[in-house]
Every structure is written in structure tokens, then in C-alpha cells.
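Survey of secondary and tertiary structure
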Amino acid sequence: MTVQHRPARPAILGQNQYGKAENRVVKITRDGGTHHIRDLNVSVALSGDLEEVHLSGSNANCLPTDTTKNTVFAFAKEHGIASAEQFGIHLARHFVTSQEPITRARIRIEEYAWERIATAATAAPGADEVRHSFARKGQETRLTQITYDGETWEVVSGLKDLVVLNSTNSEFWGYIKDRYTTLQEAYDRILATEVSSRWRFDWTGDAQPMPDWEHSYEQVRTHLLQAFAETYSLSLQQTLYQMGSRVIEHRPEVEEIRFSMPNKHHFLVDLEPFGLENDTADGAVYHAADRPYGLIEATVLRDGAEARIPLDLTII
């Protein structure tokens, strides 16, 4: 038997980008004795006329990644950090407009929240309350991704690790049952999840009024939490949709919002072997299982909007 080999086709370079990832930037602003803190993790990715650096090793069009790192820190001082979004916009605009080979910049930022430690005024006469001490705030992380190609902006912001729980007002019943179904229907259960969400703004060009990034984030977060708390839930899917639709209805600057929400299951513990009745009017004891878990994911769009947020939120 004769084996015919298909002629080999040459290799070609596909999509490529480079930059400095995870630059940890902490900016302290001093307002007299009162200090303010912004804590960012900034990743820069640049694309453009970079073929030769791959094919021949010529670095003529290559801005060193060390330079991108230095730019991040210098801009934190020169421009300050009014918001993660605004800081990312400054960086993206700079890289695209100052370096001719660079035609596209993507800036990803995680922001870690701190809250001021409240203290009583010291006993010393005339001493002021301490205004320079902070504690890391919860587990929630704020996110943003800025993409700029010299003409069009795309801003996708969001959050992750926001853990929420309703101890009642949640049911789950009426589902498909087959020979492998053992789950009992629930008419009063704990509903808990860890919200990971991204939302895309309608701001795409400098001719448009820029959103108030700080106010927008706080309002979106508030609507997410209020919708979670106020929805009498028959499924986590229903709760997710209520959270997304509330943001779309109340925040006109948001075109699209996507969620990835694990169902953090809580199971009643069998206490009968110990002579105890568990689920009683005065409360109950649950086992919080971490895995496996149901994973609910969906996008909620403004009518007529295009879905552009990736389905896998781990890549944005």
C-alpha cells in the first residue's frame, strides 16, 4: 500500500501581542493628615507591526516590556488614579498614539478595595483621629479591561469573588426527573453564590460623553446586590436574569452584562443520629459544600445590542 503524504504548508504568524503583566501599583494620595489608597494590578498587552520581532528577531518596532512597566508607575504619579477605567484609558491612549508600530492596546486592571480603620481620637490633647490606616475590604475584586485601536474604545468592567447568600425566599422544584435523579425538591432553601460579572459600556469614542466610572461601578454593584436580595427565587437562573435586567434598566451606559455564578450548595445536616431535630422554627444547621457545584452562566443585553463579552469570563 502506497502512503501519499500531503505537501507541507509553510508556517505563518497569527495573532500576537506582548507587554508587561501584573504590575502591582499602590498609589497613596496625601490630603494633609488624611490619606487615600488605590491598589491596582495592571496588565498591558500591545499589538501592531510586530512581525519582524518574531520572524527575524529584529527589535526595531519593539517597545521593551520594562518600558511599559515604567510607564504604568509613572502614569500613576503623573495622572493619579481617579478610577481604574480612567487610568487604563490614559495608558491605552499613550501606547497607541506615542508608538507608531503599536496599533492596539489592551489594558486589564484588577483593583483591590481597602477601607479606613475607624479609631477613637487619641487621648493626647488636640490629637486628631487616625486617618491613615486601612484594612483590606472583603474578597471582592473590581475589574476593568480597556481596548483601544486609535479610533474606537471598548471598556468592559466588572467584579469577581462577590459572595452573597439568601437564607430564605428560594425554592427549586418542578425539574426534570429521570432514573439518575436523587435531588429532593426544595420549597425553602439557602441560595448562595459567588458573583463573577462583566459589563460593557456604550462609550466607544472620544466624541461621546465619558461615563462617571466610579459612580457607575458603585451603582451597578448596588443594583446587583439589591436584585439578588429582593428576588424571590425559583432558580439561580431566574435570580441571575433579574440581576442583569435590573442593571440594564437602571444604567443606560451599560449595553451588555454577563455572569458566571456557581451555586454554593448548602445541605441540611442529618442530626437524627444524635437525637436532634434540625430544621425547626428557630433555625437549622447546614453543610456548606464547595464542590461539585452547579455553574450558571448567561448574558443579559439591551434590546438591539450585540453580544461581545466572551462566554468564558476567565479570559477577560
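Shown above is the structure to which this text applies.
Counting restarts for each chain, with residues numbered from 1 along the sequence as it is written. Local features in this predicted model are restricted to residues whose pLDDT is 70 or higher, and side-chain atom pairs enter the listing and the counts only when it is 80 or higher, whereas totals over whole chains, interfaces and linings include all residues. The basis for every side-chain value is the complete set of heavy atoms in the structure, and neither hydrogens nor water enter the calculation.

Over its 18 residues, helix α4 (residues 213-230) extends 26 Å from the first C-alpha to the last, a length consistent with the 26 Å expected when each residue adds 1.5 Å. Type-normalised accessible area, obtained with a 1.4 Å probe on protein chains alone, sets the label of each residue: buried when under 20%, exposed when over 50%, and partly exposed for intermediate values. Helix numbering and strand numbering both begin at the N terminus, where a helix is a DSSP run of H or I of at least 4 residues and a strand a DSSP run of E of at least 2. Among all positions in α4, only Trp-213, Ser-216, Tyr-217, Val-220, His-223, Leu-224, Ala-227 and Phe-228 are buried. Mapping the buried residues of α4 onto a view down its axis gives an arc of 130°, with all of them on the same face. Expected span of a helix: the number of residues minus one, times 1.5 Å. In this context, the arc is that of the directions from the helix axis out to the C-beta atoms.

The set of buried Ala, Val, Leu, Ile, Met, Phe, Trp, Tyr and Cys residues whose side-chain atoms join them within 4.5 Å is what this entry labels a nonpolar core. Ranked by size, the top nonpolar core spans 52 residues in total, and within it Val-42, Phe-87, Ile-107, Trp-199 and Leu-224 carry the most contacts. When residues no more than four places from it in sequence are discounted, the contact partners of Val-42 are Lys-20, Ala-21, Glu-22, Asn-23, Val-25, Val-72, Phe-87, Leu-91, Ile-107, Arg-108 and Ile-109. Residue contacts follow a heavy-atom distance rule, with two residues in contact if any of their heavy atoms lie within 4.5 Å.

A word on helix α5 (residues 236-250). An ideal rise of 1.5 Å per residue puts 21 Å on 15 residues; α5 measures up with 21 Å between its terminal C-alpha atoms. Buried positions along α5 lie against β6 (191-201), α4, β7 (254-263) and β10 (294-301).

Together, Trp-173, Tyr-187, Tyr-232 and Leu-234 make up an exposed nonpolar region whose accessible area comes to about 440 Å². Trp-173 gets classed as partly exposed once you look at its relative accessible area, which sits at 44%. Residues qualify for a patch when their relative accessible area is over 30% and they have no salt bridge, like charges being joined within 9 Å and the nonpolar side chains of Val, Leu, Ile, Met, Phe, Trp and Tyr within 5 Å. Only the protein chains shown count as cover for residues, and the accessible areas themselves come from Shrake-Rupley with a 1.4 Å probe. By definition, a salt bridge exists where a carboxyl oxygen of Asp or Glu is found within 4 Å of a side-chain nitrogen of Lys or Arg.

Our focus in this paragraph is the pattern of salt bridges. Under the criterion given, the structure shown has 18 salt bridges. Here Glu-111 and Arg-38 are joined by a salt bridge, their closest N and O atoms 2.8 Å apart. Note that Glu-111 is positioned in strand β3 (residues 102-116) and Arg-38 in strand β2 (residues 34-48), a separation of 73 residues in sequence. Classification of Glu-111 as buried rests on a relative accessible area of 9%. Accessibility expressed as a relative area gives 17% for Arg-38, which makes it buried. Bridged by salt links that share partners, the residues Arg-38, Glu-85, Glu-111, Arg-142 and Glu-214 form one connected network.

Now for the pairing of strand β1 (residues 23-31). Pairing between strands is defined by DSSP: at least two bridges between them are needed. Note that β1 and β2 share nine bridges and pair antiparallel. By the bridge assignment for β2, Lys-27 is matched with Arg-38. Here β1 hands over to β2 after two residues, with Gly-32 in that stretch at a positive phi of 65°.

Close contact between helix α2 (residues 65-78) and helix α3 (residues 84-98) brings their axes to 11 Å; oriented N to C, the two are set at 135°. In terms of orientation, α2 and α3 fall into the oblique class. The hand of the α2/α3 crossing is right-handed. Judged by residue contacts, Thr-68, Thr-71, Val-72, Phe-75 and Ala-76 of α2 engage Phe-87, His-90, Leu-91, His-94 and Phe-95 from α3. Interaxial angles span 0 to 180 degrees and are taken between N-to-C directions of axes, which are lines fitted to C-alpha atoms, for helices over the stretch in contact. Relative orientations are named as follows: roughly parallel for angles under 35 degrees, roughly antiparallel for angles over 145 degrees, roughly perpendicular for angles from 65 to 115 degrees, and oblique for any other angle. Left-handed describes a crossing in which the near helix is turned anticlockwise from the far one by less than a right angle; the clockwise case is right-handed.

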